[in-house]
Amino acid sequence: MKYLIASALIGLLPLSAGATAIEEAPWAPRAAAYRLSLFMANLTPVPWDKIEQNWTAPVPGSALAVEALSRVSDRDAWNLRVALAAEDRQALFAAATTAVANGILQHLEAAEAVLGQPEAAFEVAQSVALYRAFEDGIQAADKQAARDLGRAWLVLNSSLGSAGVLGNGAQAADAARFAKARAVIAEYIEANYLPPAFAERSKLTPVPEAAVRAGKPVALPVTLPPGSNIADQRDLPRLVLQFEEAGEDEANLPLVAYGDMLFDSPEIFGYPARDLGIACSTCHNRSDVNRDFFIPGLSSHAGGIDVDSSFFNPMFNDREDDHLDTPSMRGIRFTAPYGRDGREPSLRRFIRNVIVTEFAGAEPTPFQLDAMVAYLRAFDFLPNPKIDQAGRLTDLASEAAKRGEALFNTEFAGLGNRSCASCHTPDRFFRDGQTYDIGSAEPPFPGGSATTFETPTLRNANFTAPYMHDGALPTLASVVDWFNETKDLGLDAAQRADLTAYLQAVGDGEEPYQSFEGRDSVFRLSWEELTTFASTLDTLIPLRDAENIAVLVDTVAPDLAADASVMTNQSAKPEIYKFAAILRSVGDASAAGDWGEASRQWEMFKSMQAEIDERMF
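Please read all numbers here as calculations on a predicted model, not as lab measurements.

The rules behind the values
- Residues numbered from 1 in each chain as written.
- Predicted model: local features only at pLDDT ≥ 70, side-chain atom pairs only at ≥ 80, totals over all residues.
- Heavy atoms only, no water.
- Salt bridge = Lys/Arg side-chain N within 4 Å of Asp/Glu carboxyl O.
- Helix = DSSP H or I, 4+ residues; strand = E, 2+ residues; numbered from the N terminus.
- UniProt positions renumbered as here; feature names shortened; annotations may be inferred.
- Contact = heavy atoms within 4.5 Å.
- Polar contact = N/O pair within 3.5 Å; in protein donor to acceptor, adjacent residues only side chain to side chain.
- Expected span 1.5 Å × (residues − 1).
- Bend = angle between axes of the 7 residues up to and from the residue.
- Phe/Tyr/Trp six-rings, centres within 6.5 Å; stacked < 30°, edge-to-face > 60°.
- Buried < 20%, exposed > 50% of the residue type's maximum accessible area, 1.4 Å probe, protein only.

A. Examining the pattern of salt bridges more closely. Inspection of the entire model under this criterion finds 27 salt bridges. Among the salt bridges present, the one from Glu 575 reaches Arg 615, with a minimum N-O distance of 2.5 Å. With Glu 575 in helix α22 (residues 573-591) and Arg 615 in the segment after α23 (595-612), this residue pair connects regions lying 40 residues apart in the sequence. Taken together, the shared-partner salt bridges connect Arg 201, Glu 209 and Arg 213 into one network.

Pasting the structure below:
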């Protein structure tokens, strides 16, 4: 799995996004609230309580921790409150769009009033920050207008004047040029974002009104709302693979290497996950959990998501706001059944369900499923010297943990005369393969049956907080407290501390995070993984498997080019672009059925890899 590189704006991702995630720049509070509200209002059902919070509380992704509603005029605030109270999507769109558009014009007016003074630049910057809320809609619907407006913004900034440096190079403000450029922007905003009435919209987007009324089809790039984070967590989990620990090179295991590539490929998913660059590795960083993953409206907190919402696959929408925390995949071959509720008995069916049902992808081929199963089955737990092969504590565990081990194996009436170990069976990787209703979920209706959830492993649990199926409990200590209170275990403070110490001992692991130092850089890790993925062409080209070659090339080539931005050795950066272009040529030749040319380009790729490998860090 790759490390996902963060660099620019996630809110304006291009349609051709690969598996390299993009980190957003902070948004102006009103622009953030606006884009968040549009995103959430397009969900089914609409989470009106969250939309109201977008305006009445600081929002994720905002540059300032202020309420957006406090930044709009009294009239605009009143219109927003009315729309929210009525839970009227069209009224919300009109009120929110008007509030942002008015803000743009008001800041431009304020800038013109203080032209020639330092405050003018600040007001123009405020206006630009709000214009960002509409910018991609204008770009998608009217490229000529986008260019004209872009020039107008440049003229505005160049007309502000400058005091120079210590009086040298001073430039006077150009009021005439400023007024002309301001008029271009104001006329467009008034016509398209402040009309007398907005056309009805089935999907709320920042597309200008003129394009909507003209019935013009507009291909908007798929976006995530402000505050989203789909980049890998900052402390990258260490990946433990069985074959690597045994000294085997993944390049000698083409089925595993291809499965590794698919795990990191958005190409196996459908719209919109594919276009956003979301892959299996996005949520499951290097077999573990991405504790930073967050999408407002779909995640109640970082580290999880409502996978059966209307956003990724409307056919799979259960119309419930039911965030699930992402489970670790460490040791996954030992932890069937799969899914938080244990819905899938086999790893193969689980993989297929994620691709097709959760993320609307096409049916994977048998070869693709074989490859992914082969790769995932290599995931192992972090070694933990505090427990032995049977799950018993070793001498390295603390005395408190040893006392906790006794409690863990004690039968309690509140657990039905069973012990914690009855379900979290130590010699079965601290789980039993069963599902239970432990009272952590509400019944769907009075008298109904609550969802049952599988027993999760406790191995390496120290690194997968928060806990429970929905991440409701932040620490292992809070898990102990929850069971003590809900199951009437009668444990005192010292016993709870001992039981927590035991869970922490069982949940520990050696070197949990990837370390980077000197030449062992983020890019070097990516380079080695991506070139290993490419090595499967030694198998795919002789098989003339154009379909799977296309998936590989469309995954690896753009990521090679994107990851060059974080190279420590920047002088080698141009070679990466040439290297990626050769791989593209392999894909083009195979797609055309020119297998001789595909083989020639592939040999060129391998030759160049050998030549430049030492410089790639």
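B. Summary view of the UniProt feature "domain: Cytochrome c" (unreviewed entry) in the protein chain. The UniProt record annotates "domain: Cytochrome c" (unreviewed entry) at residues 254-380 and 399-507. Taken end to end, residues 399-507 comprises 36% helix and 4% strand; its first and last C-alpha atoms sit 16 Å apart.

C. Molecular detail of the environment of Asn 290. Turning to its location among the elements, Asn 290 is positioned in the loop between α12 (280-283) and β1 (304-305). In sequence terms Asn 290 and Gly 509 are 219 residues apart; their C-alpha atoms lie 17 Å from each other. With near-sequence residues (within four places) excluded, Asn 290 lies in contact with Ile 230, Ala 231, Asp 232, Gln 233, Thr 282, Cys 283, Asn 285 and Gly 303. Only 3.0 Å separates the side chain of Asn 290 from the backbone nitrogen of Asp 292, close enough to count as a polar contact.

D. How the structure looks around helix α5 (residues 118-141). With 24 residues, α5 should reach 34 Å at 1.5 Å per residue; the first-to-last C-alpha distance of 35 Å fits that figure. The largest bend in α5 is about 50 degrees, located at Ala 133.

E. The packing of aromatic side chains, seen in detail. Counting across every chain of the model gives 24 aromatic pairs. Arranged with centres 5.5 Å apart and planes meeting at 90 degrees, the rings of Tyr 34 and Phe 134 form a pair that is edge-to-face. Taken together, the residues Tyr 34 in helix α1 (residues 29-41) and Phe 134 in helix α5 connect sequence positions 100 residues apart. Take Tyr 34: its relative accessible area is 0%, and that puts it in the buried class. Overall, Phe 134 belongs to the buried group, its relative accessible area being 0%. Summarising the aromatic geometry, the rings of Phe 312 and Phe 359 are spaced 5.0 Å apart at their centres and angled 65 degrees between planes, so their arrangement reads as edge-to-face. Residue Phe 312 is located in the loop between β1 and β2 (324-325), and its partner Phe 359 is located in the loop between α13 (347-358) and α14 (366-376); the two are separated by 47 residues in the primary sequence. With relative accessibility at 9%, the residue Phe 359 sits in the buried group.

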